[in-house]
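Chain residues, written in single-letter form:
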Amino acid sequence: MIIPYTDIAEDTLNNLIEYYVLREGTDYGEHEVTMAEKVAAVKRQLKSGEIVIVYSELHESINLMPKQLFLQQENSQQS
């Protein structure tokens, strides 16, 4: 189930994004990127709809994932 990012309190959303960024461990190349810059980039992706917040009732967990990946998983489960 997709949870609209606008339904999440700002502090909670920031914590969720920081956890996601730290967990992903993405390599940003030769230059360092601050946590604030990473959080801002994820927020931009949420606002554009590129990334969605997904709640799994089965696993009782929440995750951020690319919208296209979520839709592919939904389609494969319905098949």
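To be clear, the structure that these remarks concern was listed above.
Notes on the structure in this doc start here. On a predicted model such as this, the values are computed, not experimentally measured, just so you know.

Cut-offs applied
Residues numbered from 1 in each chain as written. Predicted model: local features only at pLDDT ≥ 70, side-chain atom pairs only at ≥ 80, totals over all residues. Heavy atoms only, no water. Pairing = 2+ DSSP bridges. Helix = DSSP H or I, 4+ residues; strand = E, 2+ residues; numbered from the N terminus. Contact = heavy atoms within 4.5 Å. Axes fitted to C-alpha atoms, helices over the stretch in contact; angles between N-to-C directions. Salt bridge = Lys/Arg side-chain N within 4 Å of Asp/Glu carboxyl O. 1 Å grid on protein atoms, 1.4 Å probe; cavity = no way out; pocket = protein on both sides within 12 Å on 5 of 7 lines; lining within 4 Å. Points joined across faces, edges and corners; volume = space filled by probe spheres on them.

1. Thoughts on the sheet that holds strand S1 (residues 2-3)
Then comes step 1: Taken in spatial order, the three strands of this open sheet run S1-S2-S3, and their pairing is antiparallel. Only two strands of the sheet have a single neighbouring strand rather than two, namely S1 and strand S3 (61-66).
Then comes step 2: Across six bridges, the pairing between strand S2 (residues 51-56) and S3 is antiparallel. When the bridges of S3 are listed, Ser56 appears paired with Ser61.
Then comes step 3: Where helix H1 (residues 10-24) meets the sheet, it contacts S2 and S3, and its direction lies at approximately 65° from that of S3.
Then comes step 4: The sheet strands contacting helix H3 (residues 67-78) are S1, S2 and S3, and the helix crosses S3 at an angle near 110°.

2. Things to note about the pattern of salt bridges
Then comes step 1: The tally for this structure, following the rule as stated, stands at one salt bridge.
Then comes step 2: We note a salt bridge from Glu10 to Lys43, for which the minimum N-O separation is 2.6 Å. Here the residue Glu10 occupies a position in helix H1, and Lys43 occupies one in helix H2 (residues 35-48), the gap between them amounting to 33 residues.

3. Quick notes on the layout of surface pockets
Unoccupied space between atoms shows up once a probe the size of one water molecule is rolled over them.
Then comes step 1: Computed from the structure, the largest pocket encloses a volume of approximately 260 Å³.
Then comes step 2: Contributions of two or more residues to the lining of the largest pocket are made by S2, S3 and H3.

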